[in-house]
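# Descriptive analysis of the structure
So the chains spell out like this:
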Amino acid sequence: MPESVPVKAFQELLDAVPQVLFEQWIRIGMDTGGIAAGADRLWDVFEKECAVTGVEAVLQRTGTCGYAYLDPLVELKSSGHAPVLYGCVDEPLAVRIVREHLLGGRLIDDFVVAPRRRSKDLGEADNIVLVKDSSCEGEDRTATAQSLLLKALRHHGLQDRVQVVRALDMGIYKEGLVVQLLPSGVTYTNVLNRDLERIVEQSIRDRAIVEDLLFNEPDPQTRIVLRNCGSIDPECLDDALRHGAYAGFARALGQGSPGQTIDCIRESGLRGRGGAGFPTGTKWKLTRDVEADLRYVICNADEGDPGAFMDRSILEGDPHSVLEGLMTAAYAIGAGKGYFYIRAEYPLAVKRVELAIAAARKRGLLGKNILGSGWDFEVEVRLGAGAFVCGEETALIASIEGKRGSPHPRPPYPSVKGLWGKPTCINNVETLASVPWILTNGAKAYESLGSGNSRGTKVFAVTGKVRNPQLVEVPMGTTVSDIIYKVCGGVQDDVPIKGVQTGGPSGGILPEKHLETPITYENLQKLGSIMGSGGMLVMDENDCMVDVSAFYLKFCVDESCGKCAPCRVGGYQMLQLLLKISRGRGSEDDLVQIDRICEAMQSASLCGLGQTAPNPVLSSLRFFRDEYSAYIEGGTSYARKRKKALSEGKSMKEAV
Amino acid sequence: MYKLRKIRFSYLIWETFCMNASALAPMETMDPELRGMVERCLQEWEGREGNLIMILHEIQNRHGFVPREASLFLAEAMGIPMARIYEVLTFYHYFKLIAPGKHNLTVCNGTACYLKGSGRLLTELERRLSIKDGETTEDRMFHMESVRCIGCCGMAPAMVVDQKTFGKVAVTDVAGMIERIRLQEESDA
Ligand SMILES: Cc1cc2nc3c(=O)[nH]c(=O)nc-3n(C[C@H](O)[C@H](O)[C@H](O)COP(=O)(O)O)c2cc1C
Ligand code: SF4
Ligand code: FES
């Protein structure tokens, strides 16, 4: 079969990309979080140290791989070892890394982050043993285990070939002593001191698995959206191309059939990740089916949920995948122009998207006659200006048009009458970043992940009272407790968990007893919450649900655009009632009143903000009514004591 | 005539919001530097649809806030009523209408930071500086405000002091931060 013009043009473009294979490299995670933790200073230190010591290593900038709690992160590859990830790197450690690891070939204790890949085959010769005590109680056995392992290695004369390194984080929690062999990734858990000798003898000397200790559980995470975050340079198109960027788009363009592209996305079962979960392929088709001379696509990067950072991390880590998704959407629906609507509070994301657009334009991936296909497409960045309501589709459109971001009644939906009156398709960052993966790996592969009507993976930003706040990408259908206990290491300080808030100010709270619920759009909805964009806030016993509900409601009241009364007046009145209760001056009547206001807001508000603003309050009333009652019955003296306990971070019992 | 009245009227509302507004400055007395800057911003975005917000962003980026003269100038140059510019400026929290303080103390009040006690940081700052959230001290030395997630939830609660981010801030750190800036200022003076 003759290759079509775009595919050939893309192949030529790929061939022109220099293929580089570096023997040694250093990748520094330079996203907003990493930079705040000092990653930019590390760059200078590494540069200087490499020059001083004469070490030849390529410095690369990357986005975050998601482990926010270990910022700043540095991954490096030295000759003779597999890539190693270091966490919590500061300047003195950077100097040591160059001198001891790169120059001396010796990994540094206490800072290595274990890969999440867990294998059952020993494969090639392992030369690193990571060890870490993953139980949080009692004495830390890591150092003892390290010396025992060393002793055993010496006994077998293996001490020169294999090093034993104390790890910083294993990604496995409450499984006793964990030992991982690298590069193979074979992992042993609940290891006792007397087992160490066996591991050395059987696994390292004789290359056989110690079956009874083997940790068989794979990591719950699957990385689709975050596939390149942390491993490519987001400011370099060549690097993205080497990792397969734009290949799916070029193929779609080569097929010359937008309908086929839409079908592929529909078959994959991808649903919008911005909140409502509308099937993406269907949205594309609806927009395409409207007669028009001009259509628009918009990437919604106005991440409004305070405390969520998925979209920012994706844009900062892999902007090309989002751009590729947007281009595919545009091609599928026949749009001639696209916009990125990004929060102005994310300057680094804005910069990286602008660079990505400029680089793509320079190579002929944007502009006129893209890859010789005869199709034209242009993209522009527009900035949000700190209004949460501008995440709502009609408000977002008004904002791009240069007006106040007030929502309009729907219908007409943007897919019929959107930006400047033309059919417009708005998609979330994460939705678009999934598209290239689906195009290259096929709809079936994507569809095979997930549960029920929720297919594929979802990225969550897990924060709050969790031991390891981070970005997590899991297949739909994973339970909340798996995310919190298996990936994030459970609750901080082991205080019992009270609940998990999902969906930000439009979502609700899942109480502890529902944490075993598999996450799907439908399940969350049944429990009075929503998937939302993916914020996940963990709350422990010491947190007060009345306070948290008031916090979210206050956010919505502050952000209400004031266009319609149910939201403007209702929200304000409800907040007053909540504050009254939290001062200990409330009554049972107030709760009835709150219920009535909630109902009015849900049914009569014009846009999603007002309709969903009561959700946090309603769900806390549903599952934690006793806390409201405690305030009402306890009166002001209870409220004072509670406030004191909260401000000291103690439980009510301790504080009184 | 109608347009002129409209500008005057909106300017009246404007006055009430800008505490430091002096009399309506005629266009000729506008700071030439500011004028040149605004003109450049205008040029850059000329002819593009829906460009008003982006022009305001440019102005704020370069000037730190959007001064009244700049908006008046924009209204005239773009041929749109002042009310429209004013409407946009006041709707979006991001735009500042008055000059920020010399040193900016920003407390993240996103959910992660809130849960880890950013409220206590805010109260402490308010107490030490004797101003409220979003205000500037009388000597225009300090400006404090709370913002939504600044992207370091892993290090909650977080604060930004003059563009430098601090994580895991304790209430007891706040006094030192302010004191350090004060000492720096004194030694500079
Ligand atoms: C008040 C409000 C705020 C919203 N904020 C966001 C947001 O920050 N990011 C986002 O992608 N979608 C947001 N949405 C959802 C969008 O309106 C829209 O449904 C989404 O961008 C569609 O993209 P999707 O189909 O890919 O999910 C918000 C909706 C409402 C009502
Ligand atoms: S519901 Fe609230 S935010 Fe939405 S249009 Fe009405 S007032 Fe504005
Ligand atoms: S909530 Fe404060 S940094 Fe994210």
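Above this text you will find the structure in question.
Residues numbered from 1 in each chain as written. Chains lettered and ligands numbered in written order. Predicted model: local features only at pLDDT ≥ 70, side-chain atom pairs only at ≥ 80, totals over all residues. Heavy atoms only, no water.

## Describing the site of ligand 1
All names here are of chain A. How we decide: We define proximity as follows: a residue is near a molecule or strand when any one of its heavy atoms falls within 4 Å of that partner. The definition of a polar contact used here is a pair of N or O atoms within 3.5 Å, where within protein one atom must be able to donate a hydrogen and the other to accept one, and adjacent residues in sequence count solely through side-chain atom pairs. Note on areas: these come from Shrake-Rupley sampling with a 1.4 Å probe, and a residue is covered only by the protein chains present in the view. Secondary structure follows DSSP: runs of H or I at least 4 residues long count as helices, runs of E at least 2 residues long count as strands, and numbering of each begins at the N terminus.
The immediate surroundings of ligand 1 are formed by 18 residues, with Gly-274, Lys-283, Asp-302, Asn-428 and Thr-431 found nearest. Take Asn-428: an N or O atom from its side chain is 2.6 Å from an oxygen atom of ligand 1. Alone, ligand 1 offers 610 Å² of accessible surface; in the complex the protein occludes 89% of this. The set of elements that each furnish at least two residues to the shell around ligand 1 consists of β13 (424-428) and α22 (608-612). Here the element with the most residues in the shell around ligand 1 is β13; it accounts for 3 residues.

## Overview of the sheet that holds strand β3 (residues 159-161) of chain B
Pairing between the strands of a sheet is mediated by backbone hydrogen bonds and can be parallel or antiparallel. All names here are of chain B. This is how the line gets drawn: Following DSSP output, two strands are said to pair if at least two bridges run between them. Fitted lines through C-alpha atoms serve as axes, helices being fitted only where they are in contact, and the angles separating the N-to-C directions of these axes extend from 0 to 180 degrees.
Spatial ordering of the open sheet is given by β2-β1-β3-β4, a layout of 4 strands whose pairing is mixed. Single-partner strands in this sheet number two, and they are β2 (142-147) and β4 (164-166). The sheet shows a mean angle of 20 degrees between the axes of neighbouring strands, direction not considered. Pairing between strand β1 (residues 103-108) and β2: 6 bridges, direction parallel.

## Description of the interface of chain B and chain A
Definition in use: Only heavy atoms enter the contact rule, under which two residues are in contact if any of them lie within 4.5 Å. When two components associate, each loses some accessible surface as probed by a 1.4 Å sphere; the sum of these losses over both components is called the buried area. Any Lys or Arg side-chain nitrogen located within 4 Å of an Asp or Glu carboxyl oxygen qualifies as a salt bridge. Residues are sorted three ways: Asp, Glu, Lys and Arg are charged, Ala, Val, Leu, Ile, Met, Phe, Trp, Tyr, Cys and Pro are nonpolar, and all the rest, Gly among them, are polar.
The interface is formed by 35 residues belonging to chain B together with 53 residues belonging to chain A. Contact between chain B and chain A buries roughly 3500 Å² in total, counting both sides, with carbon and sulfur atoms accounting for 61%. At the junction of chain B and chain A, the tally comes to 2 salt bridges. Where chain B meets chain A, there are 14 residue pairs in polar contact (both at pLDDT 80 or more). Counting residues per element, the ones that place at least two in the side of chain B that touches chain A are α3 (52-63), α5 (82-91), α6 (111-115) and β4 of chain B. Of the residues that constitute the side of chain B that touches chain A, the class distribution is 17 nonpolar, 10 polar and 8 charged.

## Quick look at the side chain of Lys116(B)
Under the convention used in this document: Categorising residues by exposure relies on relative accessible area from a 1.4 Å probe, with only protein chains included: less than 20% of the type maximum marks a residue as buried, more than 50% marks it as exposed, and the intermediate range marks it as partly exposed. His is not counted here, nor are the chain ends, while Lys and Arg score as positive and Asp and Glu score as negative.
For Lys116(B), the location among the structural elements is in the loop between α6 and α7 (118-129). Buried charged residue Lys116(B) carries no salt bridge. Nearest counter-charge: Asp493(A), at 8.4 Å. In this view, Lys116(B) contacts Gly464(A), Lys465(A), Gln492(A), Ala156(B) and Pro157(B); residues no more than four positions away in its chain are not counted.

## Remarks on helix α15 (residues 429-441) of chain A
The α-helix winds at 3.6 residues per turn, so residues separated by three or four positions along the chain end up facing the same way. Residue and element names in this part refer to chain A. Going by this rule: Expected span of a helix, by definition, is 1.5 Å for each gap between consecutive residues, and there is one gap fewer than residues.
In this model α15 runs 19 Å from its N-terminal to its C-terminal C-alpha over 13 residues, within 8% of the 18 Å that 1.5 Å per residue would give. When you tally the buried positions in α15, you get 11 out of 13 residues, the bulk of the element. For α15, the side-chain oxygen to backbone nitrogen distance between the N-cap and Glu-430 is 2.8 Å, and the N-cap itself is Asn-428. At the exit of α15 stands Gly-442, carrying a positive phi of roughly 95 degrees.

## Quick notes on the packing of aromatic side chains
Our working definition: When the centres of two rings from Phe, Tyr and Trp lie within 6.5 Å, Trp using its six-membered ring, the rings pair. Their planes under 30 degrees apart give stacked, over 60 give edge-to-face, and anything left gives tilted. The criterion is that NZ of a Lys, or CZ of an Arg, lies within 6 Å of the ring centre and within 35 degrees of the ring normal, and then a charge sits over that ring.
A complete count under the given rule lists 15 aromatic pairs over all chains for this structure. Here Phe551(A) and Tyr552(A) contribute two aromatic rings whose centre-to-centre distance is 5.7 Å and whose plane-to-plane angle is 70 degrees, an arrangement assigned as edge-to-face. In this pair, the class of Phe551(A) matches that of Tyr552(A), namely buried. Over the face of the ring belonging to Trp45(B) we find Arg48(B), whose NZ or CZ atom lies 4.1 Å from the ring centre. Here Lys164(B) stacks its cationic end above the ring of Phe166(B), 4.9 Å away from the centre of that ring.

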